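Chains, contacts and geometry: an overview
Single-letter residue listing:
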Amino acid sequence: MTERVAALVERLCAGERLSEPEYAALIEGRDEEAAARLREKAVAVRKAVYGNAVYVRGLIEISNICKNDCLYCGIRRSNANADRYRLTREDILLCAEEGYGLGFRTFVLQGGEDGYYTDEVLCGIVRALKRRFPDCAVTLSMGERSFESYKALCEAGADRYLLRHETADKAHYETLHPKEMSFDNRMRCLRDLRALGYQVGCGFMVGSPGQTPQTLAKDLAFIADFQPDMCGIGPFIPHKDTVFRDRPAGTVELTCFLLSVIRLLCPTVLLPSTTALGTIDPLGREMGIESGANVVMPNLSPVSVRKKYMLYDNKICTGEESAECKNCLAMRMASIGYEVVTDRGDRKQITDAG
Ligand code: SAM
Ligand code: FES
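The structure contained in this document is the topic of the report that follows. Please read all numbers here as calculations on a predicted model, not as lab measurements. (Residues numbered from 1 in each chain as written. Chains lettered and ligands numbered in written order. Predicted model: local features only at pLDDT ≥ 70, side-chain atom pairs only at ≥ 80, totals over all residues. Heavy atoms only, no water.)

**Observations concerning the overall build of the chain**
Heads up, the rule is: Runs of H or I in DSSP of at least four residues are treated as helices and runs of E of at least two as strands, each being numbered from the N terminus. When a residue's accessible area, from a 1.4 Å probe over protein chains only, is under 20% of the maximum for its type it is buried; when over 50% it is exposed; and in between it is partly exposed. For the area figures, the Shrake-Rupley method with a 1.4 Å probe applies, and any residue is considered shielded solely by the protein chains shown. Lys and Arg are tallied as positive, Asp and Glu as negative. Neither His nor the chain termini are counted. Here the site of a charge means atom NZ of a Lys, CZ of an Arg, CG of an Asp or CD of a Glu.
Broken down by element type, the chain carries 14 helices and nine strands. Principal-axis analysis of the C-alpha atoms places the extent of the chain at approximately 60 × 45 × 40 Å. In the chain, buried positions account for 60% of the 354 residues. Summed over all atoms, the accessible surface of the chain reaches about 13,700 Å², with 53% contributed by carbon and sulfur. Across the chain, the mean location of the 46 positive side-chain charges is 3 Å away from that of the 49 negative side-chain charges.

See below:
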């Protein structure tokens, strides 16, 4: 490690934030020694806040129908090869019923921006889930909606909302999305969600086409400022039916490095070790936890639709039953000395993480 990188690493370990040029220099100059030091401190900080608990969230992929055309995404509207589906309220309640029996106390409803889920329909689903499972948290990840829509969903009982910002660099955002989508609207959504009192998650793909140490530096500065309750980062993985089909996937190494940095910038953040990380390396999710993550999201979607929610090639966990997915993750976590915890797992408010 150069002296400059070592000094930046120590400042992060001491709980300081860096400037954008400093984040970029850290990313450019990183090596295994720097990663190991950040990892060790990130795990210590995470342990001080959450012990060795890893929270599970039951992911229900409710629709792969989407009006958007994000260039990287396998379910973008212009992918004519995608076999489209959507789950009804009854389908979703059945998944949640099964998940509840398996111990899940958070349900994450994720899907494309499918016009079927009007406020009336989605609020009805949220209300039904909260009525049936009052001790559970409901997280939505349904994309960009109006302030009024987010407000109605919040009043219906939604607790959390995941909306990755995708990149904090406006010019980079524009290369990843079609003209009709805007960086400003994405950021407006995140601000609205925060103002409405949701627990809010942002995040980005590591190694997305056009990403540089400078754009990543903006992501880190944004995350340090925004202090999200959750932060989803996982490697970009190409999908065969998108324009980015030949681009290289993000790496486990850089994803894990950034997980450690984010843990240090946001000690209490709920940080998933993602399915995408498990897709590019069989032990990716374990490595994510050992770098500072503390959430896993087993799939609760009906097996019949799993292969259809194909955001990227070779996605794992598309053949298993929900119980198998949960048991597999519990065993994986136990193998590295962590315990899967099935309570709601709200973000802890401790700010002095030691
Ligand atoms: N429509 C919602 C939204 O926009 O937030 C939720 C669904 S969207 C598919 C969920 C996330 O999948 C995106 O935020 C993106 O970061 C991730 N994703 C999409 N395509 C991907 C790819 N090729 N590799 C890795 N992650 C991808
Ligand atoms: Fe809409 Fe990916 S383009 S979910």
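That shown, we press on.
**What about the packing of aromatic side chains?**
Formally: Centres within 6.5 Å are what make two rings of Phe, Tyr or Trp a pair, Trp counting through its six-membered ring; a difference in plane orientation under 30 degrees is then read as stacked, over 60 as edge-to-face, and the rest as tilted. Cation placement over rings: the criterion is NZ of Lys or CZ of Arg within 6 Å of the ring centroid and within 35° of the ring normal.
Counted according to the given criterion, the structure contains nine aromatic pairs. Measuring from centroid to centroid gives 4.9 Å for Tyr116 and Tyr117, while their planes differ by 85 degrees, and the two rings are edge-to-face. A network of ring pairs unites the aromatic residues Tyr100, Phe107 and Phe133 as a single cluster. The ring of Phe257 carries the charged tip of Arg30 above its face, separated from the ring centre by 5.8 Å. Sitting over the face of the ring of Phe226, Arg194 holds its NZ or CZ atom 4.2 Å from the ring centroid.

**So, the sheet that holds strand β7 (residues 230–235)**
Put simply, the rule is: In this scheme, strands are said to pair when DSSP sees at least two bridges between them. Simply put, an axis is a line fit to the C-alpha atoms, just over the touching stretch for a helix, and the angle between two N-to-C directions goes from 0 to 180 degrees. Note on definitions: a residue-residue contact is assigned when non-hydrogen atoms from the two residues lie within 4.5 Å.
The six strands lie next to each other as β2-β3-β4-β5-β6-β7, forming an open sheet whose pairing is parallel. Each edge of the open sheet is held by one strand with a lone partner, namely β2 (58–63) and β7. Across the sheet, the axes of successive neighbouring strands diverge by a mean angle of 20 degrees, strand direction being ignored. Along the sheet, helix α8 (residues 183–195) makes contact with β5 (160–162) and β6 (199–206), crossing β6 at roughly 150 degrees. Across the sheet, helix α9 (residues 213–226) touches β6 and β7, and the angle it forms with β6 is around 170 degrees.

**Description of the pairing of β6**
Convention followed: Orienting the strands away from the viewer, one traces the path from the first strand over the helix to the second; a clockwise path indicates a right-handed crossover.
Burial analysis of β6 places eight of its eight residues in the buried class, which makes it a mostly covered element. Looking at chain direction, β5 and β6 are connected through three bridges and run parallel. In the strand pairing of β6, Leu162 is matched with Gly201. In this fold, β6 hands off to α9, which returns the chain to β7; that crossover is right-handed.

**A word on the site of ligand 1**
Here is the rule: The near set for a molecule or strand comprises every residue that places at least one heavy atom within 4 Å of it. Distance and chemistry together define a polar contact, namely a pair of N or O atoms within 3.5 Å, with one atom able to donate a hydrogen and the other to accept it when in protein, and with adjacent residues in sequence counting only for side-chain atoms on both sides. For this scheme, ten residues count as nonpolar: Ala, Val, Leu, Ile, Met, Phe, Trp, Tyr, Cys and Pro. Four count as charged, namely Asp, Glu, Lys and Arg, and the remainder, Gly too, count as polar.
Surrounding ligand 1, one finds 17 residues, the nearest of these being Tyr72, Gly111, Arg164, Glu166 and Ile237. Between ligand 1 and the protein, one listed contact pairs an oxygen atom with a side-chain N or O atom of Glu166 at 2.5 Å. Coverage of ligand 1 by the protein chains reaches 92% of its 560 Å² of free accessible surface. Partitioning the shell around ligand 1 into residue classes produces 10 nonpolar, four polar and three charged.

**Observations regarding α9**
Short version of the rule: In this analysis, the expected span of each helix is defined as 1.5 Å times one less than the number of residues it contains.
For α9, which comprises 14 residues, the first-to-last C-alpha distance of 20 Å matches the rise-based estimate of 20 Å (1.5 Å per residue) to within 8%. Of all 14 residues making up α9, 10 are buried, and the element is well covered by its neighbours. Among the residues of α9, Thr215, Leu216, Ala217, Asp219, Leu220, Ala221, Phe222, Ile223, Ala224 and Phe226 are the ones counted as buried. Contacts from the buried residues of α9 go to α2 (20–29), α7 (170–176), α8, β6, β7 and α10 (252–265). Gln227 sits one or two residues past α9 and shows a positive phi near 45 degrees.

**Digging into the side chain of Ser260**
If you trace the backbone, Ser260 turns up in helix α10. Excluding anything up to four places from it in sequence, Ser260 contacts Leu38, Arg39, Ala42 and Ser291.

**Quick look at helix α1 (residues 3–13)**
Our working rule: The arc refers to the directions leading from the helix axis to the C-beta atoms.
Within α1, burial applies to Val5, Leu8, Val9, Leu12 and Cys13. Buried residues of α1 fall within an arc of 140 degrees about the axis and therefore sit on the same side. On its buried face, α1 sits against α2, α3 (32–50) and α10. Of the residues flanking the end of α1, it is Gly15, one or two places downstream, whose phi is positive at about 90 degrees.

**Quick look at the sheet that holds strand β9 (residues 339–341)**
Backbone-to-backbone hydrogen bonds pair the strands of a sheet. The strands run either parallel or antiparallel. Read across the sheet, three strands follow the order β8-β1-β9 without closing on themselves; strand pairing throughout is parallel. If you trace the sheet from one side to the other, it starts and ends with β8 (295–296) and β9, each paired once. The strands that helix α14 (residues 322–335) touches are β1 (53–56), β8 and β9; relative to β9, the one it contacts most, it runs at about 135 degrees.

Function cannot be inferred from these measures alone, as they are strictly geometric.
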